[in-house]
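Structure assessment
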Number of protein chains: 2
Amino acid sequence: MSVTAPSGFVASGVACGIKGDGALDLALVATEDGGAVPAAGVFTSNRAAAAPVEVSRAHLASSGGLASAVVVSSGNANAATGEQGVADAEKICTLAAGGLGATPSQVLLCQTGLIGIPLPMNQIESGIGPLLESRAVGEGAARLAAEAMMTTDTVRKEIVVPGPGFVVGGMAKGAAMLSPHMVPPQGVAHATMLAVLTTDARCDPRELVSSLASAVDSSFNRMTVDGCTSTNDTVLVLASGASATTPEPADLRAALEEACSVLAEMMAADAEGGTKVVKVTVNGAVSVDEAHKAARKVAESSLVKCSLNGEDPYWGRVMSELGSSGVAFEPPRVRIAYGGIIVCDGGVASPHDEKALREYMKQSSLEISCDLGLGHATAMITTCDLGYGYIDENRTTS
Amino acid sequence: MSVTAPSGFVASGVACGIKGDGALDLALVATEDGGAVPAAGVFTSNRAAAAPVEVSRAHLASSGGLASAVVVSSGNANAATGEQGVADAEKICTLAAGGLGATPSQVLLCQTGLIGIPLPMNQIESGIGPLLESRAVGEGAARLAAEAMMTTDTVRKEIVVPGPGFVVGGMAKGAAMLSPHMVPPQGVAHATMLAVLTTDARCDPRELVSSLASAVDSSFNRMTVDGCTSTNDTVLVLASGASATTPEPADLRAALEEACSVLAEMMAADAEGGTKVVKVTVNGAVSVDEAHKAARKVAESSLVKCSLNGEDPYWGRVMSELGSSGVAFEPPRVRIAYGGIIVCDGGVASPHDEKALREYMKQSSLEISCDLGLGHATAMITTCDLGYGYIDENRTTS
């Protein structure tokens, strides 16, 4: 179960031919009766934002934060497609709205795939009918939707989080071009990652957008695979209100954050060519911003990521990245540990159990923690190693 | 010929045992008579700067910009080695100064290799004698010095540039952890790249440092292999004055810039795992800073670099990196070309000769040019592709 776990939602997934291999590529999440409900979104901060990002932002603004449905397509990002791309995105919303009895501005759109190629509208138009007709409440329908949003993902990414009196469900995709910096329409955020969340909680659109922004900021925006911020990153949430529970804001935020965090972790675990999920923590920074900046520099370092692929605890590279991250830094105060095993103290090598460390490095989930020794601020960024598979996946698009 | 091409310099290179495999690892460039001459340096902006960087900076400051020699060692970076590292670096300078009849502050030091490991001082101390004894004017001696500074470099990097009435010579190393941001001691600069330049021009130390800073800023600081700024990046120049020519400042600068540019290009061509040298130009930016920022974002993109490795002109990734670089950006104004073949115009795909483009992508030297269409500022960054070899080289240090 994922997006249909909260009451009031249906889903579907079909193959319409965007992908050449006949795989599922068109998904729908909609309210059960087609009525508009409170909705919110956060979107990429990339200034080359794709047409579906522009259109979804505009729809949320003009509807006042109400939506009936989200259409998701994969295989073509509809990015760098100019005015035609926007017109195509609008047409998809209009077609779906027609079938749902909604207005076009109540339909949101997420797209992912190759950049710079006009959408194959014939295929998509022919797929909208079957997509709407097959929408259903069950687990199977939600699974088809989650599968239809995948590109290079090797596993479906689905989550259900129970809150007090309500439920949050979600599905997501993302394996590379993955360094989400998403922001609310008024605000700021990075990856192509897409996530569609649903909840049966009752809440107003304003509360929903602030809860979502907060949840995304501490989850997707704290995860990086390759430092490449996509043109299409989007997280959307629809709240049916079907549970009749109006949650405390903190409870809603906590449930959304839990859902986003689990989905973000699934992305890091499924990263192209990645064999390890790695949490880089920076403590003792002079500000949270500096802690984040330093952690991100380490997490995005090709050299650090190659070492992790080779299971080599070469902390010298971590030290070098911290030093070049631009934050306040005094080498004699620095301590670095892998899985709690201190390898560098006072800025120099520290004696440690090398055998235990070698064993630790074999794990699929690793923690690097860096204490700058200057302040009390802390931040964590989740990343992965860099292996051959990433190159294989990204050498050619054909 | 390289560092001994200008009159007044000797060089040598020996194997002292820092490297386990018996390869050359200790080099010297010195004035012929051991006398101090005008000298200048620019150093990494990494705040985890290695001991040799700290020591060379301090020596140039206390000598007032005079030096008799540069000692270079490879295999151990003497970085993250604390006070002991600084003491070791000072000792090397003192030993060399003793043999040359110079004062310790007139000896500069460059080191490269693994971070976080104490220097094998026994080996280095035993090597200083043979290093000094074998110093000589000839081409062979310069070649040994250039070889002794190599780490993962596969070729020696040497250059001679004739100026009007004077000569500039140089040798360098660098293949990864290569994104130099070097600055003069008072100022700011990235890589482990090391370069030692010599000239027989007459000039004062102040002119030399400003000419060097300018030359480095438009060469090494415009080249990136992996976005990782080393703890050890250093460029040094010594001016013997033996030509008796006092060049126009512009002539000296031009010759230094030519030498640095050729050496930087050699580094990009010898980058670990790289198969292509790629020049990324951004035109039409609103400021030179923004042009640089955008060009660097494209040049450091793992996704763009994988495409280049696969000879795939996937311009959508270039567009995405430009859009997420943080500079002023309006998609409808953007034009992107590979080798002059326009693939994107007005922010969307542009019809082009696909066969000609496929042929172009096979070349070992490529140009990507991006016009933002917003202003008149331009900048160029040299980079390389990302292939298996980079991962092979950096998975493990043993």
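Residues numbered from 1 in each chain as written. Chains lettered and ligands numbered in written order. Predicted model: local features only at pLDDT ≥ 70, side-chain atom pairs only at ≥ 80, totals over all residues.

**Section: the overall build of chain A**
This is how the line gets drawn: By the criteria applied, helices consist of DSSP H or I runs no shorter than four residues and strands consist of E runs no shorter than two, each listed in order from the N terminus. For a compact globule the rule gives 2.2 Å times the number of residues to the power 0.38, and the radius of gyration it is set against comes from C-alpha atoms. The exposure label follows from counting other C-beta atoms within 10 Å of a residue's C-beta, where the C-beta atoms are placed from the backbone and the thresholds are 20 or more for buried and 12 or fewer for exposed, leaving partly exposed in between.
Summing up its helical and strand segments, chain A has 11 helices and 17 strands in all. The C-alpha radius of gyration computed for chain A amounts to 21 Å, which stays within 12% of the reference 21 Å derived for 398 residues, consistent with globular compactness. Projected onto its principal axes, the C-alpha positions of chain A cover 70 × 50 × 35 Å. The buried share among the 398 residues of chain A stands at 64%.

**Details of helix α6 (residues 249–269) of chain A**
Keep this limit in mind: Here the expected span of a helix is defined as 1.5 Å times the quantity of residues minus one.
Helix length check: α6 of chain A (21 residues) gives 30 Å between terminal C-alpha atoms against 30 Å at 1.5 Å per residue, within 8%. Residues of α6 of chain A that are buried include every one of L252, R253, A255, L256, E257, A259, C260, L263, A264, M266, M267 and A268 of chain A, and no others.

**Remarks on the nonpolar core**
What counts, and what does not: Here, a nonpolar core means buried Ala, Val, Leu, Ile, Met, Phe, Trp, Tyr and Cys residues linked by C-beta atoms lying within 7 Å of one another. By definition, residue pairs are in contact when their C-beta atoms, positioned from the backbone, come within 7 Å.
With 286 residues, the main nonpolar core has A145 of chain A together with A145 of chain B as its most contacted residues. Leaving out residues up to four positions away in the same chain, A145 of chain B has contacts with V3, A11, S12, G13, A27, L28, V29 and M171 of chain B.

**Some thoughts on the sheet that holds strand β14 (residues 341–345) of chain A**
Operational definition: The criterion for strand pairing is that DSSP finds at least two bridges linking the strands in question.
The mixed open sheet is built from six strands, whose spatial order is β15-β14-β13-β16-β12-β17 (chain A). The sheet terminates laterally at β15 (348–349) and β17 (377–384) of chain A, the two strands that pair on one side only.

**A word on the environment of G138 of chain B**
By the secondary structure assignment, G138 of chain B is in the loop between α3 (121–133) and α4 (139–148). Remark: the alpha-carbon pair of G138 of chain B and S2 of chain B, spanning 136 residues in sequence, is separated by 9.7 Å.

**A few points about the interface of chain A and chain B**
Using the following cut-off: Under the grouping applied here, Gly and all other residues not named as nonpolar or charged are polar, the nonpolar ones being Ala, Val, Leu, Ile, Met, Phe, Trp, Tyr, Cys and Pro and the charged ones Asp, Glu, Lys and Arg.
Every contact between the two is made by 52 residues of chain A and, on the other side, 52 residues of chain B. Secondary structure elements with two or more residues in the side of chain A that touches chain B: α8 (302–309), α9 (315–323), β15 and α11 (388–395) of chain A. A total of eight residues in the side of chain A that touches chain B trace back to one element, the largest contributor, which is α9 of chain A. Among the residues forming the side of chain A that touches chain B, the class breakdown is 23 nonpolar, 23 polar and six charged.

**A look at the relation of the copies chain A and chain B**
We apply this condition: Here the copies are superposed with least squares, the fitted atoms being C-alpha atoms of residues at a pLDDT of at least 70 in both.
If you rotate chain A by 180 degrees and push it 0.0 Å along the axis, it lands on chain B with an RMSD of 0.0 Å. Taken together, the rotation and translation describe the operation of a two-fold axis. Minimal C-alpha distance to the rotation axis in chain A is attained by Y388 of chain A, lying at 3.1 Å. When the interface residues of chain A are mapped onto chain B, 100% of them again lie at the interface, so the same face is used by both copies.

**A closer look at the packing of helix α7 (residues 288–299) of chain B against helix α9 (residues 315–323) of chain B**
Residue and element names in this part refer to chain B. Basically, it comes down to this: In this description, a line fitted to the C-alpha atoms serves as the axis of each element, helices being fitted only across the stretch in contact, and the angle between N-to-C directions of two axes falls anywhere from 0 to 180 degrees. Should an angle fall under 35 degrees it is taken as roughly parallel, and over 145 as roughly antiparallel, whereas 65 to 115 is taken as roughly perpendicular and any remaining angle as oblique. The sense of a crossing depends on the near helix, which, turned anticlockwise from the far helix by less than a right angle, makes the crossing left-handed and, turned clockwise, makes it right-handed.
In the contact formed by α7 and α9, the axes pass within 8 Å of each other and the chain directions differ by 135 degrees. With respect to α9, the axis of α7 lies oblique. By crossing handedness, the relation of α7 to α9 is classed as right-handed. When α7 is examined against α9, the residues A294, K297 and V298 are found in contact with a partner set consisting of V318, E321 and L322. Looking at side-chain class alone, the contact of α7 with α9 contains four nonpolar, no polar and two charged residues.

**Overview of the domain arrangement of chain A**
All names here are of chain A. Just so we agree on the cut-off: Each domain's limits were defined by an automated method or a database of domain assignments.
According to the domain assignment, chain A contains domain 1 (9–269) and domain 2 (277–395). Taken together, the contact pairs 11 residues of domain 1 with 12 residues of domain 2. Taken together, the residues that form the side of domain 1 that touches domain 2 break down as six nonpolar, three polar and two charged.

**Description of unusual backbone geometry**
Notably, N78 of chain A is not glycine yet its phi reads approximately 50 degrees, a positive angle. Residue placement: N78 of chain A occurs in the loop between β5 (69–76) and α2 (82–100). With phi around 55 degrees, A80 of chain B is a residue other than glycine that occupies positive phi space. Relative to the helices and strands, A80 of chain B resides in the loop between β5 (69–76) and α2 (82–100). A count of 28 C-beta atoms within 10 Å places A80 of chain B in the buried class.

**Digging into the sheet that holds strand β14 (residues 341–345) of chain B**
Residue and element names in this part refer to chain B. Strand order in this open sheet of six strands is β15-β14-β13-β16-β12-β17, and the pairing throughout is mixed. Bordering the open sheet on either side are β15 (348–349) and β17 (377–384), each of which pairs with just one other strand. Sheet analysis places strand β13 (residues 335–338) next to β14, joined by three bridges and oriented antiparallel. Note on β14: the bridge partner recorded for Y338 is I341.

**A few points about helix α1 (residues 51–63) of chain A**
All names here are of chain A. Look at α1: 18 Å from first C-alpha to last across 13 residues, which is about the 18 Å you get at 1.5 Å a residue. Those residues of α1 that sit buried are A51, P52, V53, V55, S56, H59, L60 and S63. Residues of α1 that are buried sit in contact with β3 (37–44), β4 (66–67), α2, β6 (107–114) and β11 (234–239).

**What to know about the packing of α8 of chain A against helix α11 (residues 388–395) of chain B**
Contact geometry of α8 of chain A with α11 of chain B gives a least axis separation of 8 Å together with a crossing angle of 70 degrees. Put simply, α8 of chain A runs roughly perpendicular to α11 of chain B. Judged by the sense of rotation from one axis to the other, the crossing of α8 of chain A with α11 of chain B is right-handed. The residues of α11 of chain B that touch α8 of chain A, namely those facing L303, C306, S307 and N309 of chain A, are I391, N394 and R395 of chain B.

**A closer look at the pairing of strand β10 (residues 194–199) of chain A**
Residue and element names in this part refer to chain A. Note the cut-off: Whether a crossover is right-handed comes down to one check: with the strands pointing away from the viewer, does the path from the first strand over the helix to the second run clockwise; if it does, it is right-handed.
For β10, the tally of buried residues reaches six of six residues, placing the bulk of the element in the interior. Relative to β10, strand β8 (residues 166–173) runs antiparallel, the two being bridged by six bridges. In the strand pairing of β10, A172 is matched with A195. Examined bridge by bridge, β10 and β11 share six bridges and lie parallel to one another. From the neighbouring strand, L197 faces β11, where its bridge partner is V237. On the question of chirality, the crossover connecting β10 to the parallel β11 by way of helix α5 (residues 205–217) is right-handed.

**Quick notes on the confidence of the model for chain A**
All names here are of chain A. Worth spelling out the cut-off: Each residue carries a pLDDT value, the predictor's own confidence for that position, ranging from 0 to 100.
When the pLDDT values of chain A are averaged, the result is 94; 97% of them are 70 or greater. Predicted confidence is poor over residues 186–191, with pLDDT under 50, and the contacts of this stretch with residues over four places away or in other chains come to 32 contacts. Scoring of the predicted complex yields 0.90 for pTM and 0.90 for ipTM.

**Concerning the pairing of strand β7 (residues 157–163) of chain B**
All names here are of chain B. In terms of burial, β7 is a largely internal element, five of the seven residues being buried. When β7 meets strand β8 (residues 166–173), the two strands line up antiparallel, connected through seven bridges. Following the sheet pairing, I159 is matched in β8 by G170. Adjacent in sequence and paired antiparallel, β7 and β8 are bridged by two residues, among which G165 carries a positive phi angle near 85 degrees.

**Considering the environment of V137 of chain A**
All names here are of chain A. Tracing the chain through its elements places V137 in the loop between α3 (121–133) and α4 (139–148). On the neighbour-count criterion, V137 (15 C-beta atoms within 10 Å) is partly exposed. Residues V137 and S7, spaced 130 residues apart in sequence, show a C-alpha to C-alpha distance of 8.7 Å.

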